[in-house]
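# Results of the structural survey
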Amino acid sequence: MRVLVTGGSGYLGTHVRRFLQAEDFSRRAHLDVLSTFDAARAAAYEVVIHLAAHLSKNPADAENCFRTNVEGTVNLLREMQPNSVFIFASTKDVYGSHADDFTEVPETCSTEYENQSALEWSKLIAERYVEYYAGLRNFRSCIFRLSTVYARPSEGNENGFVTHYVEAVKRGWPLRLSLEGKPVRDILHVDDFSRACRAFIDSTSTRGLYNLGGGRENALSLREIIDKVAEIIQCNPVIDDDNHLPQPVPLNYVSDLTRIREDLGWQPQIGIEEGLRSLL
């Protein structure tokens, strides 16, 4: 089975591509989702895992978000062949502050507009295109609304915040925390994300929409993540208390994994300590 990973040289894509022995579609491979000529390559693959995205929340980057995350996705979808598989990496942030209404956030959480940025809105629009083209072109589709997926550092990529915390504790860099590090996130190792992709590929499901994170068992406050890393390394983290970082939205986020467990038999295999150790 031929698998293509867009953004396959990125922070997460590097590891997903290696895990699934997939091929790379990225700007480092001189391929661009905004090029219809380049996107036509997708037609040759049984599976396309679409991670490539413009991830800025800066209002000045709104146009780039909509072009890359919507138009780029549509370019790929138009090339998908019947019975192939398209997996789309969306984000938990499509829920915005509505997620704070739940202790564990289900897929039924509202996505009504609540000041989400162009990044989240472009991802939500792209989800609709995935569903439309999957029905039109008769291919299997899966949308993962990702929580905090983390991975080992890779050359030329900006780390996610979990990896940044690990690097900062190791190197004694000052860490700035919003609300004294009280916000909670459920963290998921990239290899477990890759296993979720494999679970859908190997399933008989035609359509899927899943919240995907570490769940309650892998949920920690930001400060607890830092303290856990410091405990593993046996050092004291350097915390910069003189900061005015904005409050994250949602304040706390833990994925409800009921649907993906029932549909795909998937659950995280890598616990917090094992996962954090893998970043050292």
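Before any of the text, the structure's been laid out above.
Computed from a predicted structure; not experimentally measured.

With that out of the way, let us pick up unusual backbone geometry. Residue P250 is bonded to the preceding V249 through a cis peptide linkage, with omega at -5°. On the secondary structure map, P250 appears in the loop between β11 (238-240) and β12 (252-253). Phi angles above zero are rare outside glycine, and Q21 is one such case at about 50°. Relative to the elements of secondary structure, Q21 occurs in the loop between α1 (13-19) and β2 (23-25). Not every positive phi belongs to a glycine, and N138 is a case in point at roughly 60°. Of note, N138 is situated in the loop between α4 (118-137) and β5 (140-146).

The geometry of helix α5 (residues 161-171) relative to helix α7 (residues 222-233) is characterised by a closest axis approach of 10 Å and an angle of 45° between their N-to-C directions. By the angle between their directions, the pair α5 and α7 is classed as oblique. For the crossing formed where α5 meets α7, the hand is right-handed. Along the contact surface, α5 presents F161, Y165, V166, V169 and K170, while α7 presents L222, I225, I226, V229, A230 and I233. Looking at the contact of α5 with α7, its residues break down into 10 nonpolar, no polar and 1 charged.

Quick look at the pattern of salt bridges now. Scanning the model with the defined rule gives 18 salt bridges in all. With a closest N to O distance of 2.9 Å, E167 and R171 form a salt bridge. Placement of both E167 and R171 in helix α5 is noted, with a separation of 4 residues, approximately one turn of the helix. Given a relative accessible area of 9%, E167 falls into the buried group. Here D192 makes a salt bridge to R195, at a shortest N to O gap of 2.9 Å. In this pair, D192 and R195 both sit in helix α6 (residues 190-202), 3 residues apart, roughly one turn of the helix. Connected via shared salt-bridge partners are K57, K92, D93 and E120.

The subject of this paragraph is the packing of helix α3 (residues 62-77) against α4. Orientation of α3 relative to α4, taken along the N-to-C sense of each, is 15°, at an axis distance of 9 Å. Judged by the angle between their axes, α3 and α4 are roughly parallel. As for how α3 packs across α4, the hand of that crossing is right-handed. On α4, the residues touching A62, C65, F66, N69, V70, T73, V74 and L77 of α3 are A118, L119, W121, S122, I125, A126, Y129, V130, Y133 and R137. Looking at the contact of α3 with α4, its residues break down into 14 nonpolar, 3 polar and 1 charged.

Cut-offs used in this document
- The residue numbers shown here count from 1 along each chain, following its written sequence.
- Reporting of local features is limited, given that this is a predicted model, to residues whose pLDDT is at least 70; pairs of side-chain atoms are given and counted only at 80 or more, and all residues count toward the totals for whole chains, interfaces and linings.
- Computation of side-chain values: all heavy atoms of the structure, hydrogens and water removed.
- Helix and strand definitions here come from DSSP, where helices need a minimum of 4 consecutive H or I residues and strands a minimum of 2 consecutive E residues; each element is numbered from the N-terminal end.
- Here the axes come from fitting lines to C-alpha atoms, over the contacting stretch only for helices, and the angles between their N-to-C directions go from 0 to 180 degrees.
- Note on terminology: angles under 35 degrees are roughly parallel, angles over 145 are roughly antiparallel, angles of 65 to 115 are roughly perpendicular, and the others are oblique.
- Note: crossing handedness is left-handed where the near helix turns anticlockwise from the far helix by less than a right angle, and right-handed where it turns clockwise.
- Only heavy atoms matter for contacts: two residues are in contact if any of them lie within 4.5 Å across the pair.
- Any residue that is not Ala, Val, Leu, Ile, Met, Phe, Trp, Tyr, Cys, Pro, Asp, Glu, Lys or Arg is counted as polar, Gly included; the first ten are nonpolar and the last four charged.
- Here, a salt bridge means any side-chain nitrogen of Lys or Arg that lies within 4 Å of a carboxyl oxygen of Asp or Glu.
- Buried residues are those whose accessible area, probed at 1.4 Å on protein chains only, stays under 20% of the maximum for their type, while exposed residues exceed 50% and partly exposed ones sit between those limits.

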